[in-house]
Amino acid sequence: MATKPQEKVSFFERLKQIGQVIKFTAQQDKLFVPLLAGAILIPLALTVLAIVLGLSLVYIPVGILVALLAAVIVLNLRSNTAMMNAAEGQPGAAPQLIENMRGDWRVRPAASSTTQFDMVHVVIGRPGVILIGEGQPQRVRGLLGQEKKRLSKVIGNAPMFDYVLGNEEGQLPIRKMRTTLMRLPRNLSGKDVNALDTRLGALMARPQMPKGAIPKNMRPTKGMRQQRPR
């Protein structure tokens, strides 16, 4: 699967996105609005106080810049926490979180799955190939083993990492997933990532049937089984 070139986002579209993040964070985090207000008002209040005391007017732009920086820091920290809290326990949330991480991450959601909604997501990045499993741990570990065997045929010497999301011992909590992936060593160059992405894209172009029993509403009817091509 080729990576699409990143589209340029206009200034007004960027403002709209920031507004959506602020709205979402405010709905999820009751402390966000007071913290954001404090981050903006405290530097501005100190700036006004400095001007009243007769200090240089140069403190005005400094105070505004400090207020903006503090607001960005609060928004970044609290929005990340809010997204993690909302994603916890939601099947299939991991790929979207990874796609929004800083850096070049190529994500293929549910590259392998079962009819019980166990799934393995394949992520390609500078660290190498990363497999993220979600679902019932025993079934997920079986999927991870199958996916490792399948991918090992085409990834060459690229490192491979695997994680099972969850809060039990030996599992990776989704709220720590971002930090864990960002701390992985950068083993590949940008060209290596592109080449690896191309090879895996060709491999995964062949669709896989989910493992497990097929639900009744997905099974072919008697008439469909009896039908023959002419």
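Reading guide: rules and limits
Residues numbered from 1 in each chain as written. Predicted model: local features only at pLDDT ≥ 70, side-chain atom pairs only at ≥ 80, totals over all residues. Heavy atoms only, no water. Helix = DSSP H or I, 4+ residues; strand = E, 2+ residues; numbered from the N terminus. Pairing = 2+ DSSP bridges. Right-handed = clockwise from strand over helix to strand, strands pointing away. Buried < 20%, exposed > 50% of the residue type's maximum accessible area, 1.4 Å probe, protein only. Expected span 1.5 Å × (residues − 1). Contact = heavy atoms within 4.5 Å. Polar contact = N/O pair within 3.5 Å; in protein donor to acceptor, adjacent residues only side chain to side chain.

A. Layout of the environment of V48. Following the sequence through the fold, V48 ends up in helix α2 (residues 32-52). Sequence separation between V48 and G63 is 15 residues; the distance between their C-alpha atoms is 8.7 Å.

B. Up close: the pairing of strand β4 (residues 160-164). With 5 bridges connecting them, strand β3 (residues 128-134) and β4 associate as parallel partners. If you follow I132 over to β4, its bridge partner there is Y163. Read as a crossover between parallel neighbours, the route from β3 over helix α5 (residues 137-151) to β4 is right-handed.

C. Layout of the pairing of β3. For β3, the buried fraction is high: 7 of the 7 residues fall into the buried class. Once strand β2 (residues 119-125) ends, the chain turns through 2 residues before running back antiparallel as β3.

D. Representation of α5 within the structure. Taking 1.5 Å of rise per residue, 15 residues should cover 21 Å, and α5 covers 20 Å from first to last C-alpha, within 8% of that figure. Against β1 (106-113), β2, β3, β4 and α7 (190-204) lie the buried residues of α5. For α5, the side-chain oxygen to backbone nitrogen distance between the N-cap and Q138 is 3.0 Å, and the N-cap itself is Q136.

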